[in-house]
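Residues per chain are reported as follows:
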Amino acid sequence: MKSERLTAEILNLSYTIESGQPLTFYGDYRNGSDQITYPVGGALVTARFAHMGDKVVIDARSSNGKSVKDEITSRFRLNDDIQTMYESISTDKKISAAIRQFRGMRVTKNEPWETSVCFIISQFNNLKRIRGIIKNMMERFGDPICSFDEETRYSFPSAEALSNARIEDIMRCGAGFRAKYIKSAAKYCTENLDLESISKLEYADLKEELMRIDGVGDKVADCIALMGYGKMEAFPVDVWVKRSMEKMYFKGKKKGVKDIHAYASGKWGEMAGFAQQYIFWYGRSNF
DNA sequence: ACCCAGGCGGGCG
DNA sequence: CGCCCGCATGGG
């Protein structure tokens, strides 16, 4: 099948991909190329984004020839009313500045298992290393899909594959002390928990279920809820969001995570997670 | 060399 | 409960 064309508005590819979101875990984004590739469903998706002002034309295809329209639409949340979302989180000058700087950055909606692994790895870690670890794990534990740019591309490792892996082999990917969490989570998600079946739960119940996974605490559960299940009210509070929130809204005074959650929830409600992505990246880029 | 990174689990008071 | 500590690893 030839590539399919989709259109969107206010979607900045580089901000979206580079701002630390899964897309396993970075796609293969070539800076300036406006193209990404990423594995899904045992195939490799290729998508080109042509930006023309606020309009974006997306040409996408899959290595297996199947339609990718639904995949792209879901992944980049193209059915969201982005204008209304901006209006609802533009509550003050502080966040408006963040939105202005990174206008078009979207919160993506990725597969729950991949999102879980990505954010288990993210703990006490940095983006550069996270990307490397994910890449190593895909090459070691994923299945080869096809060759692209003279390089073999792999699927994201299944929970089954990782539940059978040896911890020391996961560590060899650079995962460090998180390797035991990954294996444990993989076992739990193959034997005790169906990540698909909990997608129908409300945010609070979903988060509670996710926190039963070894290596998933409050912050990682919020990340999985937001970027793996599309729960826009989730507001992950990491060190950057904490710092940014304290600076932006608490006159630089130290605040507990609970206070920050409560404040964000009251201010942005159902769209708190969308606001969070801007606060996170704004803080990382400017503070 | 030293510090830190999209935190979490476990142990202690 | 809330607090505090160790934790693998590599880049700045």
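Our subject is the structure listed above.
Residues numbered from 1 in each chain as written. Chains lettered and ligands numbered in written order. Predicted model: local features only at pLDDT ≥ 70, side-chain atom pairs only at ≥ 80, totals over all residues. Heavy atoms only, no water.

Side note on the nonpolar core
Consideration 1: Membership of the largest hydrophobic core comes to 75 residues, with the highest contact counts inside it found for Trp-113, Leu-210, Phe-235 and Trp-268.
Consideration 2: Those residues in contact with Trp-268 that sit more than four places away from it in its chain are Ser-88, Ile-89, Thr-91, Ile-95, Phe-235, Met-245, Tyr-249, Ala-275 and Ile-279.
Consideration 3: In this structure, Leu-11, Leu-23, Ile-36 and Val-68 belong to the second largest nonpolar core, which totals 20 residues. (Core = buried A, V, L, I, M, F, W, Y, C linked by side-chain atoms within 4.5 Å. Buried < 20%, exposed > 50% of the residue type's maximum accessible area, 1.4 Å probe, protein only. Contact = heavy atoms within 4.5 Å.)

Focus: the side chain of Gln-35
Consideration 1: Position of Gln-35 relative to the elements: it lies in strand S2 (residues 35–40).
Consideration 2: Polar side-chain contacts of Gln-35 include one of 2.9 Å to the side chain of Arg-48. (Helix = DSSP H or I, 4+ residues; strand = E, 2+ residues; numbered from the N terminus. Polar contact = N/O pair within 3.5 Å; in protein donor to acceptor, adjacent residues only side chain to side chain.)

Looking at the protein's contact with DNA strand C
Consideration 1: Around DNA strand C, a shell composed of Phe-124, Asn-126, Arg-129, Met-171, Gly-176, Phe-177, Arg-178 and Lys-180 is seen.
Consideration 2: Within 4 Å of the protein, the contacting atoms of DNA strand C are 52% sugar and phosphate, with bases supplying the remainder.
Consideration 3: In this structure, Arg-129 approaches DNA strand C through a side-chain N or O atom, which is 2.9 Å from a base oxygen.
Consideration 4: Here the surface near DNA strand C is built from residues that sort into 3 nonpolar, 2 polar and 3 charged. (Near = heavy atom within 4 Å. Nonpolar A, V, L, I, M, F, W, Y, C, P; charged D, E, K, R; others polar.)

Points about the pairing of strand S4 (residues 55–62)
Consideration 1: Relative to S4, strand S1 (residues 4–9) runs antiparallel, the two being bridged by 6 bridges. Its bridge partner being in S4, Glu-9 is matched across the sheet by Lys-55.
Consideration 2: Alignment of strand S3 (residues 43–52) against S4, held across 8 bridges, turns out to be antiparallel. In the strand pairing of S4, His-51 is matched with Val-56. (Pairing = 2+ DSSP bridges.)

Thoughts on the protein's contact with DNA strand B
Consideration 1: Close to DNA strand B lie 28 residues, the nearest being Asn-125, Leu-127, Asp-238, Arg-243 and Gln-276.
Consideration 2: A distance of 3.1 Å separates a sugar or linking oxygen of DNA strand B from a polar side-chain atom of Gln-123.
Consideration 3: Val-239 has a polar backbone atom sitting 3.5 Å from a phosphate oxygen of DNA strand B.
Consideration 4: When grouped by side-chain class, the residues that make up the surface near DNA strand B number 12 nonpolar, 10 polar and 6 charged.

Describing the environment of Gly-252
Consideration 1: Topologically, Gly-252 is positioned in the loop between helix H12 (239–249) and helix H13 (257–268).
Consideration 2: Relative accessible area serves as the criterion here: at 49%, Gly-252 is assigned to the partly exposed category.
Consideration 3: Put simply, Gly-252 and Lys-55 are 197 residues apart on the chain and 38 Å apart in space, counted from C-alpha to C-alpha.
Consideration 4: Residues contacting Gly-252, with those up to four places away along its chain left out, are Glu-246 and Lys-247.

Everything listed is a geometric property; what it means functionally is a separate question.
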